[in-house]
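So you can see what is in the structure, the chains are spelled out below.
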Amino acid sequence: MERSGIAMGIVYLEKERLFKLDTPHTTYIIGIVGEEGFLGHAYYGKTIKDAQGASALMRIYENPFTPDTNARDRLSFMDCFPTEYSGHGVGDYRESSIRVTTKGGYNAVSLAYVSHEIYKGKRKLPGLPATFGSEEEVTTLAIVCEDKAIGLTAVLEYSVFETVDAIARSARILNDSKEAVVLNKVMSGCLDMDNRDFEVITLHGSWARERHMERKQLGHGKFLVSSLRGEGGHQEHQFMALLDKHATQTTGDVYGFHLVYSGNFRMLAEVNQFDSVRVMGGIEPEGFRWLLKPGESFQSPEMIYAYSSQGLGGMSRTFHDLYRNHLIRSPYKDQKRPILINNWEATYFDFDEQKLLDIAKEASKLGIEMLVMDDGWFGNRFDDNRALGDWQVNEEKLKGGLKKLVDGVNVLGMKFGIWFEPEMVSPESKLYREHPDWAIAIPGRTPGLARNQYVLDISRKEVRDYILEMMFKVLHSANISYVKWDMNRPLSDLGSACLQAENQGELYHRYVLGMYEMQERLLAEFPDLLLENCSGGGARFDPGMLYYSPQIWCSDDTDAIERLQIQEGTALIYPLSAMGAHVSVCPNHTVGRNTPFETRGYVALAGTFGYELDITKLTDEDKAMVKLQTAMYHKFNDLVREGDYYRIASYRENHLYDCFQVVSKDKKRSLVFYVQVLNEANKKSRILKLQGLEEGLTYTVKELDMNVADSEDMVKDMQKAFSGELLMNAGLHFERMWGDFRAKVIVLEA
Ligand code: GLA
């Protein structure tokens, strides 16, 4: 993103007691108010160069005034003051950011400003994934607040990025008192603004139907999305955006909020009696209870704020840039990933080494670069009723062992990847027989099964060590380049055999910390490993997991048409480079739909790209197309991975067609993906306005043609050229195609 010429970073305006936080195009203003040091929110929006007088935006000069001058109406002040971190039980009747129980059993907490520090760079959050950046890229403000009555300190951290319009927030709570307190709730961020008739967007879903965008009016009262499943889940997403009623992809104010966390979450918006809106995000307080002993601290996960004055598209591109440059750490983040073929939909559990080698042999001829062996290679895992936890190769299936198979695949010039579900145990497994207490369960209550499996208590170090040791043994035994880390059931019956009664309420969060630690150790042991996270499809597609894996399996639904909505919702916040997308067979295994092979390819090429089918059974015609698709991947993946994403039209909205664009950062190249889902009789060609191009540049229009014998002939020059001005203001023609589910990819080059 270009600089706006405004000095970026954070300043403290001493006279007005204001903090001014600037990103390239946005400003965020915090004020310290009154003798008590109420920490207030003054402004978040477009850049304001001169913040003089911004204190007035907190309305502290209006009735009921601060308690300094109007002590008799303190509660009225507390209940309308726009705060940066709301307390509990002392007069702010809106949603609290923090709630505690003291030794005496009291719950009230109220935090006031004590001191602050502004520093270059950004500290790591202990045990948690978080955005990062060098001293040149990030500036951080740490505000120390205190509740003197109970001796509790909160350090609120705000980091701004030099080239991305995002702010990262978190809270660290320290117990400075001599008595333990219980934290019942610690949210990551709280933002109070005037409600400007906002609408709200969330990402809702289910298994095989993840992250569908839902937009609606925000009304009085509280609206929240949350998870109690121990992971983000398929159902709701740790994201919320507030936007102008008339905001579009290209216009209007949009405030996006995203939590960098993979466990129980709550994202909330509350509109109160004075039509102000409070947005909040953090760990879901239900099921959370953390004992904080004297001297101990608790770190909240990080919440990202992204404001755009240029509609949803602006917000999406901010998240994409932030995550690509400041969250994903993998060495693969800026690299083309090997085109993979996964055997899950090809064979399910019914495979042996020969079947896999046959698939690899055929795949290698067509340009596929890696074979991924999915579920079913270990213990006596002949179906999904058994063997999770027994991470030893089943040599009945893989005769000659894993190394022989991997070597055989490597000889074909292909890499090899493998599936694990490390957090789980089947009741019918050696592991469970030996360590029944390692499963999460409550004494005296039979724990619920899901997919016939239990969840391991990975809050325990010995459990993590044991599982990792088994995994490392397998991974060291052969030349393995990739791991798919799966998680196929939510948590229930929360109980740890190792935690004291007073700590049992910590299990949900300790579980997530344990999982993060395991992934960290896996990557430390195998720094070149390409890790892909997965959870029953896309239940763990969240920013926390991106810190560990540069790509995440988007959904078990591989139907190209269903994927349009899933991938639109996902790309609202995530870069295309992170979206696991594969071509599978028809009729599709989830919905039974038949879609042209070409369309399936184009839809998957907008993600990480791979195949999930028995390639030995494809027709020659489809095999020829695989060759073209893999060639297309190599030609265009740099652009898909690194480019800016623009949403042109949404099948979700119009029920007829879908269109999006990626544009190179220098604006010289663009790919336009267009899917005509349903054809209509006797209609003219469609003209769609493109975005993100340079008005003054002339673009030649080329079209991908998958009906050619050689990939050299695949990009067809249409002998047409248009100015960026014309393409964006008037539009580009899309001819009607014969039939449904037809797709086209246009290449623009300046
Ligand atoms: C989950 C994943 C699938 C596959 C199966 C294996 O459902 O999402 O891709 O790995 O598990 O059991």
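Shown above is the structure to which this text applies.
*Asks:* Got a minute to help me understand the site of the ligand in this structure?
*Replies:* What surrounds the ligand is a group of 13 residues, the closest being Asp374, Asp375, Lys484, Gly537 and Asp556. Note that an oxygen atom of the ligand is positioned 2.9 Å from one of the side-chain N or O atoms of Asp486. Contact between the ligand and Asn488: an oxygen atom at 3.1 Å from a side-chain N or O atom of the residue. Computed on the free molecule, the ligand has an accessible area of 300 Å², of which 96% lies beneath the protein chains in the complex. The residue makeup of the shell around the ligand, split by class, is four nonpolar, three polar and six charged.

*Asks:* Whenever I open this one, the sheet that holds strand β26 (residues 482-485) confuses me. Can you help?
*Replies:* Sheet strands pair via backbone hydrogen bonds, and the direction of the pair is either parallel or antiparallel. The nine strands are arranged β29-β28-β27-β26-β23-β22-β21-β31-β30 in an open sheet whose pairing can be described as parallel. Across the chains shown, the open sheet's two edge strands, defined by having one partner strand only, are β29 (579-580) and β30 (582-584). Here four bridges tie strand β22 (residues 370-373) to strand β23 (residues 415-420), and the two strands are oriented parallel to one another. Paired with Val372 across the strands is Gly417, a residue of β23. Along the sheet face, helix α8 (residues 507-525) touches β26 and β27 (530-533) and points at about 160° away from the line of β27.

*Asks:* What exactly am I supposed to notice about helix α10 (residues 560-571) here?
*Replies:* Since the α-helix turns once every 3.6 residues, residues separated by three or four places project in the same direction. Under the 1.5 Å per step criterion, the end-to-end length of α10 is 15 Å for twelve residues, consistent within 8% with the ideal 16 Å. For α10, every residue scored as buried is listed here: Ala560, Ile561, Arg563, Leu564, Ile566, Gln567, Glu568, Gly569, Thr570 and Ala571. Among the residues of α10, the N-terminal cap falls to Asp559, whose side-chain oxygen and the backbone nitrogen of Ile561 are separated by 3.1 Å.

*Asks:* Please clarify how the packing of aromatic side chains should be interpreted in this entry.
*Replies:* What describes a pair of aromatic rings is the distance from one ring centre to the other and the angle between the planes of the rings. The final tally for this structure, using the stated rule, is 41 aromatic pairs. Their ring planes at 85° and their centres at 5.3 Å tell us that Trp377 and Phe420 sit as a pair that is edge-to-face. Linking Trp377 in the loop between β22 and α5 (402-411) with Phe420 in strand β23, this pair joins segments that are 43 residues apart in sequence. In terms of burial, Trp377 and Phe420 fall into one category: buried. Their ring planes at 40° and their centres at 6.2 Å tell us that Tyr657 and Tyr674 sit as a pair that is tilted.

*Asks:* Whenever I open this one, empty space enclosed by the protein confuses me. Can you help?
*Replies:* A water-sized probe, rolled over the atoms, reveals where empty space remains. Summed over all chains, the structure comprises nine cavities of 30 Å³ or more. A volume near 180 Å³ is recorded for the largest cavity. Looking at the largest cavity, it is lined by 15 residues, and the ones nearest its centre are Met78, Thr83, Tyr85, Gly87 and Leu111. Residue classes in the lining of the largest cavity are distributed as nine nonpolar, four polar and two charged. Approximately 70 Å³ is the volume found for the second largest cavity. Lining the second largest cavity are 13 residues; nearest its centre among them are Leu564, Gln567, Glu568, Arg647 and Phe660. At the level of secondary structure, the elements contributing two or more residues to the lining of the second largest cavity comprise α10, β32 (644-649) and β33 (657-663). Broken down by element, the residue count for the lining of the second largest cavity peaks at five residues, all from α10. Class assignment for the residues of the lining of the second largest cavity results in eight nonpolar, one polar and four charged.

Rules of the game
Residues numbered from 1 in each chain as written. Predicted model: local features only at pLDDT ≥ 70, side-chain atom pairs only at ≥ 80, totals over all residues. Heavy atoms only, no water. Near = heavy atom within 4 Å. Polar contact = N/O pair within 3.5 Å; in protein donor to acceptor, adjacent residues only side chain to side chain. Areas by Shrake-Rupley, 256 points an atom, 1.4 Å probe, with all protein chains shown as cover. Nonpolar A, V, L, I, M, F, W, Y, C, P; charged D, E, K, R; others polar. Pairing = 2+ DSSP bridges. Helix = DSSP H or I, 4+ residues; strand = E, 2+ residues; numbered from the N terminus. Contact = heavy atoms within 4.5 Å. Axes fitted to C-alpha atoms, helices over the stretch in contact; angles between N-to-C directions. Expected span 1.5 Å × (residues − 1). Buried < 20%, exposed > 50% of the residue type's maximum accessible area, 1.4 Å probe, protein only. Phe/Tyr/Trp six-rings, centres within 6.5 Å; stacked < 30°, edge-to-face > 60°. 1 Å grid on protein atoms, 1.4 Å probe; cavity = no way out; pocket = protein on both sides within 12 Å on 5 of 7 lines; lining within 4 Å. Points joined across faces, edges and corners; volume = space filled by probe spheres on them.

Remember that the coordinates give geometry; whether it matters functionally is a separate question.
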